[in-house]
Amino acid sequence: MANSKYEYVKREFEFHRHLPASNWIVVRIDGCHFHRFSELHAFEKPNDERALRLMNACATSMLEEFPDIVFAYGVSDEYSFVFREKTEFYKRRESKIISVCVSHFTSVYDMKWKDFFPNNDLKEPPYFDGRVVCYPNINTIRDYLTWRQVDCHINNQYNTCFWALVKSGKTEKEAHQALKGTFSKDKNKLLLQQFQVNYNDEPAMFRKGSSVYRDKVKTDDCGNPIKRTREAITVSNFDLIGPEFWENHQYILGE
Ligand code: ATP
Ligand code: ATP
Ligand code: MG
Ligand code: MG
Ligand code: MG
Ligand code: MG
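Residues numbered from 1 in each chain as written. Chains lettered and ligands numbered in written order. Predicted model: local features only at pLDDT ≥ 70, side-chain atom pairs only at ≥ 80, totals over all residues.

The protein chain is annotated in an unreviewed UniProt entry as tRNA(His) guanylyltransferase from Triticum aestivum.

Turning our eyes to something else, we now look at the environment of Asn47. The topology assignment puts Asn47 in the loop between α2 (34-40) and α3 (49-65). Under the C-beta neighbour-count criterion, Asn47 is labelled partly exposed, with 19 such atoms within 10 Å. Along the sequence, Asn47 and Phe206 sit 159 residues apart, while their C-alpha atoms lie 6.8 Å from each other. Excluding its chain neighbours within four sequence positions, the residues that come into contact with Asn47 are Leu52 and Phe206. (Helix = DSSP H or I, 4+ residues; strand = E, 2+ residues; numbered from the N terminus. Buried ≥ 20, exposed ≤ 12 C-beta atoms within 10 Å, placed from the backbone. Contact = placed C-beta atoms within 7 Å.)

In the vicinity of ligand 2 lie 15 residues, with Phe34, His35, Ser38, Asp48 and Ala51 positioned nearest. At the level of secondary structure, the elements contributing two or more residues to the shell around ligand 2 comprise β1 (24-31), α2 and α3. Element by element, the count of residues in the shell around ligand 2 is highest for α2, at 3 residues. When grouped by side-chain class, the residues that make up the shell around ligand 2 number 5 nonpolar, 6 polar and 4 charged. (Near = placed C-beta within 6 Å. Nonpolar A, V, L, I, M, F, W, Y, C, P; charged D, E, K, R; others polar.)

In structure tokens form, the structure reads like this:
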């Protein structure tokens, strides 16, 4: 870089925050004003499947672009990206990591919009915010992902009831009122008795959110009896709260 007498403005004023070593780095992005954005673009309520699949496609592109992302979890207008513990991505510089994640995700959202909404033009630019949090070990990373999935469950169960009531003729105010103070089992009962909906039969993507990771898949090598495995970026909707998923995918958060 050329040296000039003005170079001091960088040397003396610019400071970089490096994220602590030996920590998993999580970047969570969230759509800005997506309540309005979703109405403006006529998202189906409570869950527009096209919009969720678009989010999943953007997350898949993130794993393709940034090899140090080992896992991503998304629900509604948010996605969390987990970088491996030892990543040296942008020398762990916080502002670079957040800004690159947010801008890559946003650009892909824009580029792929037409694939998922062929009949809806974008009426305003979608944009996302981002934050970063460091977690010191696998337990806290798993608790982080559990926290997001529990949140997904609570919100989705509420929204499923809310929109069932609204679609049946209640005003939004009446629907909120009807759900005030109800517990999870009350909501399941309401769905079953008033709407003949078994909550557990709702699509897993709505109830569990989406996970993106590199899965080990067996390749069929021209009849070769020795099966090889390769990694393929996979989107699934499994439960992350119990031990099963992590027992079957130990390599994701392992060394
Ligand atoms: P990094 O990811 O580290 O920023 P970079 O390739 O973006 O790497 P920069 O130092 O930011 O490197 O330089 C941007 C480069 O982009 C320029 O060197 C030039 O080659 C190209 N570039 C940017 N804008 C223009 C433009 N308007 N016309 C032609 N080339 C451009
Ligand atoms: P903020 O800018 O503070 O994040 P927001 O309006 O984006 O505000 P959120 O709490 O992030 O608020 O909630 C996102 C909202 O976007 C949801 O409440 C819902 O209305 C809407 N939304 C996002 N994804 C979908 C989807 N797939 N289907 C239907 N609605 C969706
Ligand atoms: Mg550690
Ligand atoms: Mg939002
Ligand atoms: Mg949100
Ligand atoms: Mg550049």
